[in-house]
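These are the residues of each chain, in order.
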Amino acid sequence: MMFDAIRKNAVTLAAFAVITTGVTAVVNYVTKPTVEHQTALQQKKLLDQVVPTDLYDNHIQQECFLVTDAAALVNDKPHHLYLARKGDQPVAAALETTAPDGYSGAIQMLVGADFHGKVLGVRVVEHHETPGLGDKIELRISDWINSFNGKVVHGADDKNFAVKKDGGEFDQFTGATITPRAVVNATKRTALLIETLPAKLSSLPECGDAP
């Protein structure tokens, strides 16, 4: 009797697990296209903020390449590069990058620049900086991040491309210099890397070729 009850409960639980798994699979299958579409829209919105749409006429999201440069991008992982073309001519790019030396850890960023050292736009994608201080790197908190727009990096020794405390032209935050310094330095390194990329484009692997 007890054995029959145990077996009945086990069968019931197994059936419930199968049904739950099936429902989850169906929901995932049905919602996947919507999730992917929304993700693509958010990505395009972000790209539009760092590379103005009037500069290019290609589908920038479809021109995705992988860039590896431990010196400029901090680590040896492949970073996504989105190439902007005008009439098939490469004119600019948006490149994922990392500022490793934020006050509370690494700051993930997206930097847009042309191939002459001009920064077109910068956005912080992820960070853990102190609320009320370091979080001013977020556009929703402050427009400080827009101070990069149109600024040109004149080589690796450009002393102007730094926070004012270091003799440069970018404001630091009251009580928080480490965070803006990290973002400025990462932007500088990334813009200089983007400037070198036209000659390397033919050798860069496409994002779809990633293992």
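Residues numbered from 1 in each chain as written. Predicted model: local features only at pLDDT ≥ 70, side-chain atom pairs only at ≥ 80, totals over all residues. Heavy atoms only, no water.

A. A look at the overall build of the chain. Across its full length, the chain carries three helices and five strands. In sequence order, the chain lays out its α and β elements as α-β-α-β-β-β-β-α. Looking at the chain as a whole, 37% of its 211 residues are labelled buried. Contacts spanning at least 24 positions in sequence make up 50% of the contacts within the chain whose residues lie at least 6 apart. Counting only carbon and sulfur atoms, one obtains 58% of the accessible surface of the chain, whose full area is about 12,100 Å². (Helix = DSSP H or I, 4+ residues; strand = E, 2+ residues; numbered from the N terminus. Buried < 20%, exposed > 50% of the residue type's maximum accessible area, 1.4 Å probe, protein only. Contact = heavy atoms within 4.5 Å. Areas by Shrake-Rupley, 256 points an atom, 1.4 Å probe, with all protein chains shown as cover.)

B. Spatial organisation of the UniProt feature "modified residue: FMN phosphoryl threonine" (unreviewed entry) in the chain. As recorded in UniProt, the feature "modified residue: FMN phosphoryl threonine" (unreviewed entry) lies at T177. If you trace the backbone, T177 turns up in the loop between β5 (119-126) and α3 (178-196). Relative accessible area serves as the criterion here: at 16%, T177 is assigned to the buried category. Residues contacting T177, with those up to four places away along its chain left out, are V163, K165 and Q172. (UniProt positions renumbered as here; feature names shortened; annotations may be inferred.)

C. Inspection of the pattern of salt bridges at higher detail. Under the criterion given, the structure shown has six salt bridges. Linking D48 and K44 is a salt bridge whose minimum nitrogen-to-oxygen distance equals 2.7 Å. Placement of both D48 and K44 in helix α1 (residues 2-50) is noted, with a separation of four residues, approximately one turn of the helix. Since its relative accessible area comes to 29%, D48 is described here as partly exposed. (Salt bridge = Lys/Arg side-chain N within 4 Å of Asp/Glu carboxyl O.)

D. Spotlight on the packing of aromatic side chains. In the structure shown here, the tally under the stated rule is five aromatic pairs. Cluster of aromatic residues (ring-pair linked, three or more members): W144, F148, F161, F170 and F173. (Phe/Tyr/Trp six-rings, centres within 6.5 Å; stacked < 30°, edge-to-face > 60°.)

E. Local environment of the side chain of D114. Position of D114 among the secondary structure elements: in strand β4 (residues 105-114). A distance of 2.8 Å separates the side chain of D114 from the backbone nitrogen of H116, its partner in a polar contact. A polar atom in the side chain of D114 sits 2.9 Å from the backbone nitrogen of K118. When sequence neighbours within four positions are dropped, the list of residues in contact with D114 reads V91, A92, L120 and I194. (Polar contact = N/O pair within 3.5 Å; in protein donor to acceptor, adjacent residues only side chain to side chain.)

F. Structural context of the state of the cysteines. If you walk through the whole model with that rule in mind, you get one disulfide. In this model, C64 is linked to C207 through a disulfide, with the two sulfur atoms separated by 1.8 Å. On the S-S bond that ties C64 to C207, the torsion sits near -65°, and the link is left-handed. Separated by 143 residues along the polypeptide, C64 in strand β1 (residues 64-67) and C207 in the segment after α3 bring together distant segments of the chain. Accessibility expressed as a relative area gives 11% for C64, which makes it buried. For C207, a relative accessible area of 17% gives the class buried. (Disulfide = S-S within 2.5 Å.)

G. Structural view of the nonpolar core. Among the nonpolar cores identified, the biggest contains 38 residues, and V67, L81, I107, M109, W144, F148 and V183 are the most heavily contacted of them. Sorting the residues of this core by element identifies β1, α2 (70-73), β2 (79-86), β3 (89-102), β4, β5 and α3 as the ones contributing at least two each. A per-element tally of this core places α3 first, with eight residues. Among all residues touching L81, those that are not within four sequence positions of it are E63, C64, F65, V67, A93, A94, L95, L197, L201 and L204. Judged by nonpolar contacts, the second largest core, of 14 residues, contains L47, C64, L66 and A94. (Core = buried A, V, L, I, M, F, W, Y, C linked by side-chain atoms within 4.5 Å.)

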